[in-house]
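# Examining the three-dimensional arrangement
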Amino acid sequence: MDELLKMSNQEITRLETMQRIKEKRLTQIEAARLLDLSVRQIKRLYRAYKTQGAAGLVSRRRGRPSNHRLKEETQQKVLDLLYQRYADFGPTLAHEKLTEQHHLSISRESVRKIMIAEGLWKPRRAKRPPLHPMRQRRACVGELVQIDGSDHAWFEERGPTCTLLVFIDDATGQLMELWFVPDETFFAYCEATRHYLERYGKPLAFYSDQHGIFRVNQPRPLATTPGLTQFGRAMQELDIQILCAHSPQAKGRVERANQTLQDRLVKELRLREISDIQTANAFLPEFREDFNRRFAVTPRSSHNAHRPLLPTDDLDRILTHQETRTLSKNLTVQFKQTIYQIQSDRPAYALRHAHVTVCENPHGDVTILYQNQPLAYSIYQKPARQADIVDTKTLDRQIKTPPSPAPNHPWRRYGHHLNGKPIQEASPHDAD
């Protein structure tokens, strides 16, 4: 009776099987099939049962420490490192650092158990099954790229809050582009998109939220707006489709990537003592490569849907803020409180009331295009009015003077020379 109390359910099942073999109600071959053991093991168990009875089926290792238990010195070293450097890390990330950086031989489950025992990690409940079917990944790389901006304290208390622009491929879950910027703006996305296009080519579509950068959200009367934002217009010129998600859950891949980055990337920046955007952007390629090596999956198709940039895809012109203006009879055009006087060798009547495109690049340099050709101009600063009304998004640009273009900038030669002589630009602080 005492032996039965010490036996596990498996051992009790084996005891019943041995009794049936003894009573000739079961053959050893049938017992082996029933217990999923070999005939040789059944013979060994039956010999132990005949000589020792039920006690012969009880494991002799019960009550003894496992041969695979973690060494005490290893466990102590893990505890010291967890408290010193990885107290707020998750078990998976902590295990990666302990094995890769400190060369400790320990399993991820052992790290998790240690952290739970020390109160450094709280076990999570199993997730409930989703109530809606998961959308299948796209088949090819570059077929759909999800983009989003994550505003977060990436440098914790060491630096200012900034935004990380994230481009992730839907087919592979691969991080295609990461870029830190002060704010989520049109020019910030243009800069990150330029990096993407020059590295991989043009994807078929970008999948984003309904931010005003990607979609016109203000209802306006018909025929008063082209229905495209500046970013939408630029992507249309590059033949890249813009798709906007109906809800955050619809673009869950990039949302989940943001959560992972807010955990892993923040800690990597802390370990490397990085606290500014410029240094962080220099580190991102290394982080992106390591992240993709760990988490990217193989696409269903080996076809790459990216298309190369064409010679006509002038990114310097396309990735600018563009507005259409009509020239006055004096060949002047106004843009952001500045009057531009067109200088041309053509007769004045040839350009009166002509439609021109005013392009402003991220540095504040302005180019005026007529039939995709730049026009020369001179600048007349409009006098400031009292109590100008501006919105918060353009406040900084209203009080800061944009830097002058470099002497060898390709746009510099347009608009700053007339009849072979340089034109003196008026200072923003000079009176007209």
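Scroll up for the structure.
Everything numeric in this text was worked out from a predicted model, so none of it was measured.

### Some details on a positive patch on the surface
A surface patch of positive charge is lined by K24, R40, K43, R44, R47 and K50. You can see R40 is positioned in helix α4 (residues 39–52).

### Notes on the packing of helix α10 (residues 252–271) against helix α11 (residues 277–295)
The geometry of α10 relative to α11 is characterised by a closest axis approach of 11 Å and an angle of 125° between their N-to-C directions. Judged by the angle between their axes, α10 and α11 are oblique. The handedness of the crossing between α10 and α11 comes out as right-handed. For the pair formed by α10 and α11, the contact residues are T260, L261, R264, L265, E268 and L269 on the first element and A280, F283, L284, F287, F291, R294 and F295 on the second.

### Description of the packing of aromatic side chains
Geometry of an aromatic ring pair is reported as the spacing of the ring centres plus the angle between the planes. Scanning all chains against the criterion turns up 16 aromatic pairs. Their ring planes at 50° and their centres at 5.1 Å tell us that F186 and F187 sit as a pair that is tilted. A ring pair is formed by F291 and F295, whose centres lie 4.8 Å apart and whose planes are at 55°; its orientation type is tilted. Remark: F295 and F291 occur in helix α11; sequence separation between them is four residues, near one turn of the helix.

### Some points on the pairing of strand β4 (residues 205–208)
Where burial is concerned, the two faces of β4 agree: the one with A205 and Y207 and the one with F206 and S208 are both buried. By the bridge criterion, two bridges tie strand β1 (residues 145–152) to β4 in an arrangement that is parallel. Counterpart to Q146 in the pairing with β4 is Y207. Sheet topology note: the β4/strand β5 (residues 241–244) ladder contains four bridges and is parallel. Along β5, the bridge assignment pairs F206 with I242.

### Quick word on the sheet that holds strand β3 (residues 175–181)
Pairing within the open sheet is mixed, and its five strands lie in the order β3-β2-β1-β4-β5. Only two strands of the sheet have a single neighbouring strand rather than two, namely β3 and β5. Across the sheet, the mean angle separating the axes of adjacent strands is 20° when strand polarity is ignored. When β1 meets strand β2 (residues 162–169), the two strands line up antiparallel, connected through eight bridges. Each bridged residue has a counterpart across the sheet, and for V145 the counterpart in β2 is D169.

### Section: the pattern of salt bridges
For the structure shown, the criterion picks out 27 salt bridges. In this structure, R325 engages E323 in a salt bridge whose closest nitrogen and oxygen atoms are separated by 2.7 Å. You can call E323 partly exposed: its relative accessible area is 24%. E360 is paired through a salt bridge with K336; the nearest N and O atoms lie 2.7 Å apart. Of this pair, E360 sits in strand β9 (residues 355–360) while K336 sits in the loop between β7 (332–335) and β8 (338–343), and the two are 24 residues apart along the sequence. On the accessibility criterion, E360 (11% relative accessible area) is buried. On the accessibility criterion, K336 (44% relative accessible area) is partly exposed.

Cut-offs and rules
- Residues numbered from 1 in each chain as written.
- Predicted model: local features only at pLDDT ≥ 70, side-chain atom pairs only at ≥ 80, totals over all residues.
- Heavy atoms only, no water.
- Patch = residues over 30% accessible without salt bridge, like charges linked within 9 Å, V, L, I, M, F, W, Y side chains within 5 Å.
- Areas by Shrake-Rupley, 256 points an atom, 1.4 Å probe, with all protein chains shown as cover.
- Salt bridge = Lys/Arg side-chain N within 4 Å of Asp/Glu carboxyl O.
- Lys, Arg positive; Asp, Glu negative; His and termini not counted.
- Charge placed at Lys NZ, Arg CZ, Asp CG, Glu CD.
- Helix = DSSP H or I, 4+ residues; strand = E, 2+ residues; numbered from the N terminus.
- Axes fitted to C-alpha atoms, helices over the stretch in contact; angles between N-to-C directions.
- Parallel < 35°, antiparallel > 145°, perpendicular 65-115°, else oblique.
- Left-handed = near helix turned anticlockwise from the far one by under 90°.
- Contact = heavy atoms within 4.5 Å.
- Phe/Tyr/Trp six-rings, centres within 6.5 Å; stacked < 30°, edge-to-face > 60°.
- Buried < 20%, exposed > 50% of the residue type's maximum accessible area, 1.4 Å probe, protein only.
- Pairing = 2+ DSSP bridges.

These values are about where atoms sit, not about what they do.
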